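# Descriptive structure summary
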Amino acid sequence: MQRHDPESVGDVLRQLLEESSLQSRMDELKAANIWPHIVGESLALQCSKPLVKNGVMQIGVPNAALRHELMMNRSRMRALINNTIGKETITEIKFTS
């Protein structure tokens, strides 16, 4: 049995996440959790919980006027989310009825 240099558990887990592409999924979940902090708790409660898949965040908005307002600001919200996470996780935000 061959021995290797000791590694911390954190380093081993980080390497496992990167190799299995779980890191990108974890970043997407982080982005969904950041949403209320970006738009505010009261606005987030009016919307459905964000779903993120392959970099696209989809959020249900029941009010057409609110949906329009959010669509006008989505590039700024996307930048805030990505800056908070520290990498380009969200490529697009879609608002649905």
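Above this note sits the structure.
Fair warning: this is a prediction, and the values are worked out from it, not measured in the lab.

## Some details on helix α5 (residues 74-85)
Between its terminal C-alpha atoms α5 stretches 16 Å, which fits the 16 Å expected from twelve residues at 1.5 Å a residue. One or two steps after α5, the chain reaches Gly 86, where phi turns positive at roughly 95 degrees.

## Brief notes about the pattern of salt bridges
On inspection of all chains with the given rule, the structure shows four salt bridges. A salt bridge links Lys 87 to Asp 27; the shortest N-O distance between them is 2.9 Å. Taken as a pair, Lys 87 in the loop between α5 and β3 (92-96) and Asp 27 in helix α2 (residues 22-39) lie far apart in primary sequence, 60 residues in all. Overlapping salt bridges bring together Asp 27, Lys 30 and Lys 87 as one network.

## A look at the packing of aromatic side chains
Enumeration according to the criterion identifies one aromatic pair in this entry. On the numbers, 6.2 Å between centres and 45 degrees between planes, the contact of Trp 35 with Phe 95 is tilted. Of this pair, Trp 35 sits in helix α2 while Phe 95 sits in strand β3, and the two are 60 residues apart along the sequence. Residue class for Trp 35 comes out buried when judged on its relative accessible area of 1%.

## Points about helix α4 (residues 64-72)
Looking only at α4, the buried set comprises Leu 66, Arg 67 and Leu 70. End-on view of α4: buried residues confined to an arc of 100 degrees, all on one side of the axis. Exposed and oriented more than 90 degrees from the buried face of α4 are Ala 65 and Met 72. Next to the buried residues of α4 lie α3 (41-46), α5 and β3. Between a side-chain oxygen at the N-terminus of α4 and the backbone nitrogen of Ala 65 the separation is 2.8 Å; the capping residue is Asn 63.

Quick notes on the rules
- Residues numbered from 1 in each chain as written.
- Predicted model: local features only at pLDDT ≥ 70, side-chain atom pairs only at ≥ 80, totals over all residues.
- Heavy atoms only, no water.
- Helix = DSSP H or I, 4+ residues; strand = E, 2+ residues; numbered from the N terminus.
- Expected span 1.5 Å × (residues − 1).
- Salt bridge = Lys/Arg side-chain N within 4 Å of Asp/Glu carboxyl O.
- Phe/Tyr/Trp six-rings, centres within 6.5 Å; stacked < 30°, edge-to-face > 60°.
- Buried < 20%, exposed > 50% of the residue type's maximum accessible area, 1.4 Å probe, protein only.
- Arc of directions from axis to C-beta.
- Contact = heavy atoms within 4.5 Å.
- Polar contact = N/O pair within 3.5 Å; in protein donor to acceptor, adjacent residues only side chain to side chain.

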